Each structure stands twice: as C-alpha cells, then as structure tokens.
Amino acid sequence: MEVKTSLLDNMIGVGDMVLLEPLSEDSFIENLRNRFDHNEIYTYIGSVVISMNPYRSLPIYTPDKVEEYRNRNFYELSPHIYALADEAYRSLRDQDKDQCILITGESGAGKTEASKLVMSYVAAVCGKGQEVNKVKEQLLQSNPVLEAFGNAKTVRNDNSSRFGKYMDIEFDFKGDPLGGVISNYLLEKSRVVKQPRGERNFHVFYQLLSGASDDTLKKLKLDRDFSKYNYLSLDSAAVNGLDDAANFRTVKNAMQIVGFMEDEVQSVLELVAAVLKLGNIEFKPESRCNGSDESRIKDKNDLKEMCELLGIEQSVLERAFSYRTVEAKLEKVSTTLNVSQAYYARDALAKNLYSRLFSWLVTRINESIKAQPKARHKVMGVLDIYGFEIFEENSFEQFIINYCNEKLQQIFIELTLREEQEEYIREGIEWTNIEYFNNAIICDLIENHQSGILAMLDEECLRPGTVTDETFLDKLNTICALHQHFESRLSKNSKYITDHSLPHNCFRIQHYAGKVLYRAEGFVDKNNDLLYRDLSQAMYKANHSLIKQLFPEGNPAKVNLKRPPTAGFQFKASVGTLMRNLQTKNPNYIRCIKPNDKKASHIFTDSLVCHQVRYLGLMENVRVRRAGYAFRQAYEPCLERYKMLCKRTWPHWRGPAREGVEVLMAGLQVSAEEFSYGRSKIFIRNPRSLFFLEERRRQCLQDLAALIQKIYRGWKCRTHFLLLKKSQIVVSAWYRRYAQQKKYQKIKSATTVVQSYTRGWQARKLLRELKYQKRCKEAVTTIAAFWHGTQARMELRRLKQEARNKHAVTVIWAYWQGTKVRRDYRKFFRANAGKKIYDFTIQRIMQKYFLGLKSTMPSMSPIDKSWPARPYRFLDGVHTELRTVFHHWRCKKYRSQFTEEKKAVYEEKLEASEIFKDKKALYPSSVSQPFRGDYLEISKNPKYQKLNSTMEEKVLMADVVNKINRANGKGTARIFLLTKNSLVLADQKTGQVKASVPLPDLTSVSVSTQSDGFFALKLKEGSASAIKGDFLLSSEHLIEIITKLHRTGATAADSEQLNINISDEFLVQFKHDKVCVKFIQGAPKNGNSASCKRKNNRLLEVSVPTTA
Ligand SMILES: Nc1ncnc2c1ncn2[C@@H]1O[C@H](COP(=O)(O)OP(=O)(O)OP(=O)(O)O)[C@@H](O)[C@H]1O
Ligand SMILES: [Mg+2]
C-alpha cells in the first residue's frame, strides 16, 4: 500500500517559505541556512523551487530518488527539483498544458545544473524504446557541445554559461519525447578576444589544444602550448576539477551522437583554430608620405596558416586588414586602416567568426534534434539564461543581461500573480488586491520605443555625424533625466549632481534587483557590432564550405547598403519573442541561489544570500503568495491528514470531503477568518493555523500511536491466547479422534470375526442343503433313467418277440402253404417235376447273368484290364473263361485294323521281343521307339546318292554305327546298310564302301545282357568276308539292327537261321587273334554311354553305366 506522506513530515526548518512564521528577511535566510546546513538545498515558495548551490555532489539524484518522486504530488515529499520536474511533466502529459521551466539566478548559482537535472529527470520518467532513447540521448548530448563552445571559466563560475539558452522539448500525446528546438541568446563574444583577469576564453580552445591528437593539431597547424596564442589568457588556463582533454573527447563523442558528420566536426575545429591564428596576427605602424598612418602585418606566418586553413587567398585577407571600403549609393571610397583600426578589424572578425560559428552549431543541433512534423506536439521549455550581473565595471553586455532578467522578473510577477488570481477565481474565493513592486517601469525605461535606452542607443548608432559613447550618454541624460529609476551625474535631475559614487562617464539604473552602474564606454561600438565589409567579403571568398555559409553578406551579388540591425535591437526582439512564448505556457520556477563566492561547499554567506534573496524578489514572492492565503490544500488530502482531530471524522468520514473538512474545522474551534472554503481546496490564511493543526495532529498521532500500541498489544495477547486455545482444541480433537479411531477399529475387527464365523456357519449350512438337494436330483434322475431303460428294454424285447412271432408265423404259414400246395397239387405233378423246375431256375439265372454281362462289358482297348465281378460262385470257371475269350477277341479285332506296313512293324517289334525280352537290359527302352529302318534317308539325301546307287537292292536299314578299333577300343563312325542279301559298312564322310558282307557269311551276332549298344558280327570261317575278321560295332539302334538282321537272315533263301548270342563275355575274331569282349557294370556317367577300353591283347573291357 502506498504510504501517504506530506511535505510537512520530518521537516527541517520550513519546507515551504509560505509557512514561515514570523515572516521576515532574517527568518527567511535563517530558514535557508538551517536547511542548507542539513543538506536540504531545495525549499519551496508555494510552487516555486529555491535551489541552493551545494558545490558538491549530493546523493539526491540517484535512480531511486527518481522513482521516489515519480508520479507523486508536489507537496507529498520534501522539496526537490524532481518534484517540480515531475509536476511539470505530468501536467504536460496528462492535462495537455505546455510547460516552461524558468531557471534564474546569478552566475554560478546552479542554473545550468538545474536545467540538466530537469532534463535528465524527464528523460528517466518518460517513455522508453529505441527511437525515444535516441531522441533523449541527442537532446541530452546537445549540452556538452554547447557548453564547450558557449561556456567559460569566470571568476564566479568555472563553467559559466556565456549565452542564454532556451530549449523547447517536444513530446507526443503519450509524453514520449520527439525532439527539440534550441534558441540561443547573445553569446558574450567579446570573451573571444579578451578575458578579464582570472578568467578564461571559451572551453573549446583549451579542450582542443589539450585533447586533440598530435596528428589533428598538425592538420590544424596548431601548437599544444597555450602561451603561443594571444587570445588565450594564461593566468587560469588550467582549472581545478576540469579535465580539458577528457572533455574534448566527451564533446567529440557528443557531436557524433547528435549527428555531426566527420567533415563537419573537422570544419568546426578548423574555424576554432583559425580564430586562434587570427589572434596571433599583429600589426605595425607605417607612416605614409601623405602623413596618414598605415598598418602592416608584422609576421605573416600566422596569416598564411590561417588562410590555408580557411582556403582564403592571403592577399585578399591582407588587404582587408589594411583598407576599409565604404560604399554609399554610387560611390565607393577606400581608406587605409591605422594600427588600432586594424586590431579592431581583426578582433571584430574573430568575434564574428566565433559567434557565427556558435549560432551555426545551434542551428545544426536543431536540425538533428528537430521533431518530425507530426500531429500537435506538447512542449516543455527549459530556460537557462544568464543571471542578473552586477560587476565592478558593467558594460553593454551586463546591461543587456540585466534587461533580460528584468523581463523575466516581470513575467514572473505577472504569471505568479495571475496564477494566484486565477486560482482564487477558480475556487470561488474573494480576491483581495495584493501590493507588490511591479518592475514594468524599469522595463519601460530600457525598451520604450521612443524614450527607452535601447531606442536611444540605436538612434545614436544610426545618426550621421560623430557618434561617441559620450554623445549617447548626453542623450540619456537629457531624455531619461526624470525617470525615477535612472541616475546620472550629468542629468537634469539635481538629486545626483553631488553623488560621488556616480562617475561622469557612467549611468546607473535601479533594477528590481538592485542598482547597477554602467560605464557608457563601448556601448555604441558593441551595439553597432560592426564588421568591415572588406572582411566579410574576404571571408565569403574562402574556399571553405562552412565559412562561406557564415558570412552570407560578403556575397558581392547581394550587397546590402542598409545597416544590419544593431545588437540591442536584435536582443530586444528575441527577448520579446521569448516572453511571448513563455506567456503561452504554464510557468514553473527554479530560483537558484549561490551560498558563497568561493565556490566552496558548506559555506553560507548571509550577506550574499540576502542580496540574492532581495534581487530575486523572493520575499515579495512569499508575500504575494501569502497575501491571500498562506496555505491551500485539496479537501481529500486535508481530511486524510487531519481527520483524527475530530471524533466525527475519525476513523472514516462517509460524506463529501469538503463537508468532512468543515466538520473537522468546526470541531477544532478555529476562528472562521482563518479559513476559506474554495471549490476543491481549503485555504488557510495564516501559517499559525496550519501549525496549530500540525501540532494537534502530532499530539493526536502520539495518542493514536499509544492507542494503536494498546490495541496492538491487546490484539497480540488475545491472538496468542486464541492461538493457544485453538491449538489446545486442535490437539484434544486430534487425540479424541485418535482414541475413538482405535476403539472403533477394535470393535470393527471383533465384529468382522463374529461376522465371518456366522457367515461361515450359514454358508456351510446352505452348502449342505444344496448338496442334499443336488444328490436328491441326481438320485431321481438315475432312478428315472433306470426306469426308462427298463421300460425301453421291455419294449424292445416285446417288439423283437413280436417280430419273431411274425416271422415264425410267416414261415409256418409258408410251410403250411407249401405243404398245403404240395398236398393239394401232388396229384397234378409227375415224379421229375423237381428237376424241370431246377433247370428252369438255372436257365433263368444264366439268362440274367449274360444280360447283365452285356451291360457291364469293359472297353475294347487290349490294355484295359478291368472285368466285371462274378455274380454267383458256381459261375467262377465260366466267368474267367469268358474274360480270356473276350480279351482274345478284342485283340483280334484290334489287329484286324492294321495295314501291311504297320503289321510288318509290329511283327518286327514282336520278333525283337522274342529275341530280347528279359534277356537284354536295353530292350525295355526300345519298345516305345518305332523302327524307322532308314535313319539316313539314303535314297533322298544327295550326300549318299553315290552309295545308294551302288546298292543293288532296297536298303532295309541305314544308320550310323561305330566300328570299334581293337587296338584302343575307340569307335570310328561307319554307315551301316542292310539289304535283303548283304550288309555294308561304308565311310561316313566319303560314302566309300569299306566292307560288304553277304548275309549267308554271317553266322552269329553277339550282344551283352546290359543296356549298351555293342554287338559283334561273327563271320563264317573261311568265307571271303572273314578275311579281315569279325566286326565289333556299336549302335544306338542295336535292337532294331539285330531284329532286322535276324528277320532278313531268316527270310534269305540260302542262309541258315542267324544265331543270336546274348552274354556279357564273348569272343571276337580279329584278323588273327581272338579277343574277349567283357562287359562290366561301371559307375553312372554323364551321357549314359558305354566306353570300351583295351585291357590287353586278349581283352577289351566295355564299361556299361548302371541305369538308375
Ligand atoms: N545541484 C548541484 N549539485 C552539485 N553541484 C552543483 C549543483 N548546482 C551547481 N553546482 C556546482 O556549481 C557550479 C556552477 O553551476 P552552474 O554552471 O549551473 O551555474 P549557472 O547558474 O549556470 O552559472 P552561469 O550563469 O555562470 O552559467 C557547477 O559547475 C557545479 O560545480
Ligand atoms: Mg550556466
């Protein structure tokens, strides 16, 4: 829960000066000192924040602090700059009100720091995101760049802003920053050429020389030694706590983040270097014969280097330093410059160069940080402008600065009063007029169009004739003499004639913050801000992109004879614009105060603070604020804070807050004049009343604290007691539960045992019952089965008996009938009637047998072996006989179908069967092969035509046989021809007859019993054919050849029956020797053919493969 706090809690001194009691300058300063001593550097005057410069870093800007002040009401926490920043940011974001933060205070009071704190707070609390962060970073990083070029060490501040800055930060509707616009006001450019004692030139010069690399310096033609440059004061070149080299890197980095290009940075540095070089150009006088003084450049080296840097022709610049051309309508007059004029020109150029560079930087940064032209932007302006300055010697710059502060004071008064007034009207409170000092009269003295000091200065500057600072002062003395805030020795106002604190060449203005004495010297020159045209034209001719841009008036094509507007005029215009801008916005004030002149922490110089409090008009501020009502607060927080002071409102008030506050105030009996009830706020006239409330609240809080303590203690004890009680109940409950559980479990288990016994007994009883019933059922079934069985058997016996009786009756009846018939017909039959009946019966049976056989006859195929079964045993012989007869008959029928050729073939086959069946193993395989006889087709084949022609008779058999050579048992193919009378062996290739044997010469043929095709033809001894001996041949058609030989031999007229010898060993007569041919069973071989081998002279062994 968020804890509601108030500014009034733990206050050191008074956090809001409006509540200061009694209010006096002393108490005011004492309050500031008290708070300052306790590190409370911020104090409020209503909504205005007074900031004391602590001159040391305090741990009050941490991210935690940011979070603490984020989204909190302004008066909720102790005064802080973050509270103001948060209030401004939230009004901008939530109420769509443009804001401006006006930071004022004298030099070194902490304005710039305050502006940076505001910006960093806003950056921390506003939206996040890549794009938003980039914008934030660019806005924040614009500060180091501008500080480097626009800040310098002064006697009052080591980092004094020498220009005024107003930055508009633009936000979108969500409160995310979109970009910004920076306006700069009057840079103190005189510092470029001359610095008061103990002060420095702008930081950038020192930073460049200390921080740039050797290489960069070489390029810029610079030397690291400060003493080499006239424009750099030496007495305070090094500043405590300032690291120029590191700052240079920071600035370069910041420039990069802001979006400067490499070449832009380089150009800027070149211009800075050029200013340093310019300061080193010195002149010497040279008298001319016409008596006039001329100036010459002493040492041209620096001029040369500067011209090289800026790309300017040396002679052009040299001439511009020596002559001045004045153009008037049609005339052009050139005059020479004396030494002091030359120095004046040089310094004017340096100042212009630098101040224009600075303005360019601002424009360039604006280009980078400019917001996209989207929808309407909300704007928060932060104004960090130079503070009111009172020096020993005050010049034109101080006059301008103080004028600006007058204007700011005026707007402050206007806006504060207006705000106050508006609040009263808004709240419906009667407005009482407030007396305050209005500085409008001083502003009028300075800026009045006719009689204002600036107007008169401009008039003097533009007036023809001799114009000096004295003539200007004279003019002031005449015109402003009677103005109550203008003082001059020579004025018509006799009051000051004897005032010795007022020198003759000075005038004094009574500013709202005090009297300031201005020395008139330099006013005219500075207001003119003259740069000779020759110089601007020389600059324009430069071959350097940036410098050309900075001096557009040097363009000869755009020669403008009109004088440029004066510095005073320009400043007045820009201040006017600024004021108009600020008036459109909701102001938030930060008034910075410097505690001491020594830039030291912990020192609080009363007089210095008092002076600032006076000129900042802080007392007036408090008075204005208190003129009506010192304190105001919305009803809700007021009721919340003080409701404990009245019983009716404590602890809760249910009605509207305003009524609650009225009841509260009535209850407290505070006098009615002390309060006014606005629409949403209560207004407390006197701080005393507020402190009265606070005191009562404090006491009440103590009482409440005691009450809370009491209640808390009581509550604690009661809670403890209740806890113990509760614990005891819990413990006993648990114990009882446990005991009951145990008891219950015991009873339960006993019950279970009893139950189980009972159930067992019941179950057994039931089982017995069921078993008995089952047995009864079985007994009944068995009895019924036996009874049915008995019944059935009795029935069967009865039926069998019945059938036997029936059969017996039939037989008896048949016998009786037979007997009866025989007895009746015996007289009609002869004695042989029985035989006739027998024959008739047999005849009938035979008839039936044959007729049956007719229909069950087997097929006509001779190989069909089926035959119907015999019907009667007594027909056994007849049945077999009939079968044989039928078979013979069917064979005959089959044979009768044969042609003569087929018959011959079958006869041959029959003969082969007679010869070989069951004698030679080769025979069965030949049965299915038909005997073709002429395998060579000898009569048709032209190859054997010649051989055929030699044959006298028809060839019965022509085949190729192998003639076995007795020497090695190998075969030679021979054509084997058989005719009716002879057999012929001829060469297979040539067809030449090798041997022709008449069949009568052939006595026998020998073959083996095995499946080979070997056969020996034995010839009749002493016959002509037998000279060469017997033939041992082999043929694939052995069975056919032998059969044919046997048949032919049998039919030949003069031949004997050919002997066929079937044996596994036989003799063959070869020429002279008889050789035994022996057939043995060999292993089965591929090809299944027999092989013949000669074993010795008398033995040829034929190995016949076994047939599987
Ligand atoms: N809140 C702060 N905390 C710590 N130091 C501070 C604070 N404010 C200012 N200072 C110190 O005071 C110095 C001067 O502050 P700053 O530059 O803001 O003054 P200024 O009002 O801008 O002066 P000028 O008008 O010369 O620019 C800072 O450099 C810093 O050292
Ligand atoms: Mg500053």
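Thresholds applied
Residues numbered from 1 in each chain as written. Chains lettered and ligands numbered in written order. Predicted model: local features only at pLDDT ≥ 70, side-chain atom pairs only at ≥ 80, totals over all residues. Heavy atoms only, no water. Salt bridge = Lys/Arg side-chain N within 4 Å of Asp/Glu carboxyl O. Helix = DSSP H or I, 4+ residues; strand = E, 2+ residues; numbered from the N terminus. Buried < 20%, exposed > 50% of the residue type's maximum accessible area, 1.4 Å probe, protein only. Pairing = 2+ DSSP bridges. Contact = heavy atoms within 4.5 Å. Axes fitted to C-alpha atoms, helices over the stretch in contact; angles between N-to-C directions. Phe/Tyr/Trp six-rings, centres within 6.5 Å; stacked < 30°, edge-to-face > 60°. Lys NZ or Arg CZ within 6 Å of the ring centre and 35° of its normal. Donors = N, O, S within 2.8 Å, 3.2 Å for Na, K, Ca; no water. Near = heavy atom within 4 Å. Polar contact = N/O pair within 3.5 Å; in protein donor to acceptor, adjacent residues only side chain to side chain. Areas by Shrake-Rupley, 256 points an atom, 1.4 Å probe, with all protein chains shown as cover. Patch = residues over 30% accessible without salt bridge, like charges linked within 9 Å, V, L, I, M, F, W, Y side chains within 5 Å. Lys, Arg positive; Asp, Glu negative; His and termini not counted. Charge placed at Lys NZ, Arg CZ, Asp CG, Glu CD. Expected span 1.5 Å × (residues − 1). Parallel < 35°, antiparallel > 145°, perpendicular 65-115°, else oblique. Left-handed = near helix turned anticlockwise from the far one by under 90°. Nonpolar A, V, L, I, M, F, W, Y, C, P; charged D, E, K, R; others polar. Core = buried A, V, L, I, M, F, W, Y, C linked by side-chain atoms within 4.5 Å. 1 Å grid on protein atoms, 1.4 Å probe; cavity = no way out; pocket = protein on both sides within 12 Å on 5 of 7 lines; lining within 4 Å. Points joined across faces, edges and corners; volume = space filled by probe spheres on them.

Chemist: Outline the pattern of salt bridges, supporting the account with residue identities and numerical values.
Modeler: Applying the stated criterion across every chain yields a total of 60 salt bridges. Among the ionic pairs, R90 bridges to D86, the shortest N-O distance being 2.7 Å. Here the residue R90 and the residue D86 both occupy positions in helix α3 (residues 81-95), the gap between them amounting to four residues, near one helical turn. D86 matches R90 in its accessibility class, with the two residues each being buried. With a shortest N-O distance of 3.6 Å, K298 and E282 are connected by a salt bridge. Separated by 16 residues along the polypeptide, K298 in the loop between β9 (293-297) and α11 (300-310) and E282 in the loop between α10 (262-280) and β8 (283-287) bring together distant segments of the chain. K298 sits in the partly exposed class, given a relative accessible area of 46%. Bridged by salt links that share partners, the residues R162, E188, R191 and E199 form one connected network.

Chemist: I'd like a description of the sheet that holds strand β14 (residues 506-511), backed by residues and values.
Modeler: Spatially, three strands are ordered β13-β14-β15 in an open sheet, and the strand pairing comes out antiparallel. Looking along the sheet, the strands with just one partner apiece sit at the ends: β13 (486-487) and β15 (514-519). Against the sheet, helix α17 (residues 469-479) touches β13 and β14, its axis set at about 45° to β14.

Chemist: An account of the packing of aromatic side chains is requested, with residue identities and associated values reported.
Modeler: Any aromatic ring pair is given by two values, namely how distant the centres are and how the planes are angled relative to each other. Within this structure, the stated rule accounts for 36 aromatic pairs. Note on Y206 and F226: the rings are 5.3 Å apart at their centroids and 80° apart in plane angle, and the pair reads as edge-to-face. Of this pair, Y206 sits in helix α7 (residues 203-211) while F226 sits in the loop between α8 (214-219) and α9 (244-258), and the two are 20 residues apart along the sequence. For Y206, a relative accessible area of 0% translates into the label buried. The side chain of R200 reaches across the aromatic face of Y206, ending 4.0 Å from its centre. For the cation-ring pair, R319 lies above Y323, with the distance from its terminal atom to the ring centre recorded as 4.4 Å.

Chemist: Outline the coordination of the magnesium ion (ligand 2), listing residues and values.
Modeler: Protein-derived ligands of the magnesium ion (ligand 2) are T112 (OG1) and S161 (OG), with the metal-ligand distances lying across 1.9 to 2.1 Å. Here T112, found in helix α4 (residues 111-125), pairs with S161, found in strand β5 (residues 160-161); they are 49 residues apart in sequence, far enough to count as distant.

Chemist: Account for the pairing of strand β20 (residues 957-964), naming residues and giving values.
Modeler: One ladder, built from eight bridges, connects β20 with strand β21 (residues 971-978); its direction is antiparallel. Looking at β21, one finds that V961 is bridged to R974. Count of turn residues in the β20/β21 antiparallel hairpin: six residues, of which G969 carries a positive phi of about 80°. One ladder, built from two bridges, connects β20 with strand β26 (residues 1031-1034); its direction is antiparallel. Paired with N962 across the two strands is S1034, which belongs to β26.

Chemist: For the site of ligand 1, give the residues involved together with the corresponding values.
Modeler: In the region of ligand 1, 17 residues are neighbours, and S107, K111, T112, S160 and S161 sit closest. Contacts to ligand 1 include S107, whose side-chain N or O atom sits 2.6 Å from an oxygen atom. In the environment of ligand 1, an oxygen atom lies 2.7 Å from a nitrogen or oxygen atom belonging to the side chain of K111. Taken by itself ligand 1 offers 620 Å² of open surface, and the protein chains cover 86% of this. Only α4 and β5 provide two or more residues apiece to the shell around ligand 1. Ranked by residue count, the leading element in the shell around ligand 1 is α4, at three residues.

Chemist: Describe a positive patch on the surface, and please don't skip the residues or the numbers.
Modeler: Taken together, the side chains of K963, K994, K1028 and K1071 define a basic patch exposed on the protein surface. Position of K1071 among the secondary structure elements: in the loop between β28 (1065-1070) and β29 (1073-1082).

Chemist: Break down the side chain of T325 for me, with residues and values.
Modeler: Inspection of the secondary structure assignment puts T325 in strand β10 (residues 323-328). At 3.3 Å, the side chain of T325 and the side chain of S334 are in polar contact. Among the polar contacts made by the side chain of T325, one reaches the side chain of D534 at a distance of 2.7 Å. Residue contacts for T325: discarding those within four places in its chain leaves K332, V333, S334 and D534.

Chemist: Quick rundown of the environment of S190? Include the residues and the values.
Modeler: Counting through the fold element by element, S190 comes out in helix α6 (residues 190-193). As a C-alpha pair, S190 and N352 span 162 residues in sequence and 9.5 Å in three-dimensional space. The residues touching S190, leaving out its near neighbours within four places in the chain, are K351 and E397.

Chemist: Go over the pairing of strand β1 (residues 42-45) with me, naming the residues and quoting the values.
Modeler: Looking down a regular strand, the side chains alternate between one sheet face and the other. Going residue by residue along β1, you find Y42 and Y44 tucked away on one face and T43 and I45 tucked away on the opposite face as well. Here β1 runs beside strand β2 (residues 48-52); their pairing, made up of four bridges, is antiparallel. Its bridge partner being in β2, Y42 is matched across the sheet by S51. Hairpin geometry of β1 and β2 is characterised by an intervening segment of two residues between the two adjacent antiparallel strands and by a positive phi of about 60° at G46.

Chemist: Residue-level account of the sheet that holds β20, with values.
Modeler: In a beta sheet, neighbouring strands pair by backbone hydrogen bonds and run either parallel or antiparallel. With mixed pairing, the eight strands of this open sheet are ordered in space as β23-β22-β21-β20-β26-β25-β24-β27. In the strand order of this sheet, the two ends are held by β23 (993-998) and β27 (1059-1062), each with one partner. Put simply, the sheet's adjacent strands are angled 30° from each other on average, direction ignored. Judged from the four bridges that link them, strand β25 (residues 1014-1019) and β26 form a sheet pairing that is antiparallel. Within the sheet, the bridge partner assigned to L1017 lies in β26 and is F1031.

Chemist: So what's going on with helix α29 (residues 900-916)? Which residues, and what values?
Modeler: Compared with the 24 Å implied by 1.5 Å per residue over 17 residues, the 24 Å span of α29 between its first and last C-alpha is a close match. Looking one or two places after α29, you find D918, whose phi comes out positive at around 65°.

Chemist: Describe the packing of helix α24 (residues 635-642) against helix α25 (residues 657-668), naming the residues involved and giving the relevant values.
Modeler: Between α24 and α25, the least distance of the axes is 8 Å, while the angle of their chain directions is 45°. Judged on the interaxial angle alone, α25 and α24 are oblique. The two elements α24 and α25 cross, and the hand of that crossing is left-handed. Contact with α24, carried on its side by Y635, E636, C638, L639 and Y642, involves A657, R658, G660, V661 and L664 of α25 and no other residues of that element. Here the contact of α24 with α25 is built from residues that sort into seven nonpolar, one polar and two charged.

Chemist: So, the nonpolar core: which residues are in play, and what are the values?
Modeler: F28, F149, L317, F321 and F507 are the most contacted members of the largest nonpolar core, which totals 215 residues. Sort the elements by how many residues they give to this core and helix α13 (residues 339-369) lands first, with 15 residues. In contact with F149, not counting residues within four places along its chain, are F202, V204, V268, V272, Y354, L357, F358 and L361.

Chemist: Outline the layout of surface pockets, listing residues and values.
Modeler: Estimated volume of the second largest pocket: approximately 1600 Å³. Residue lining of the second largest pocket: 48 residues in total, with N73, F74, Y75, E87 and K681 positioned closest to the centre. Within the residue set of the lining of the second largest pocket, elements represented by two or more residues are α3, α14 (396-427), β16 (586-593), α23 (618-627), β17 (631-634), α24 and α26 (687-825). When residues in the lining of the second largest pocket are grouped by element, the largest group, eight residues, is from α14.

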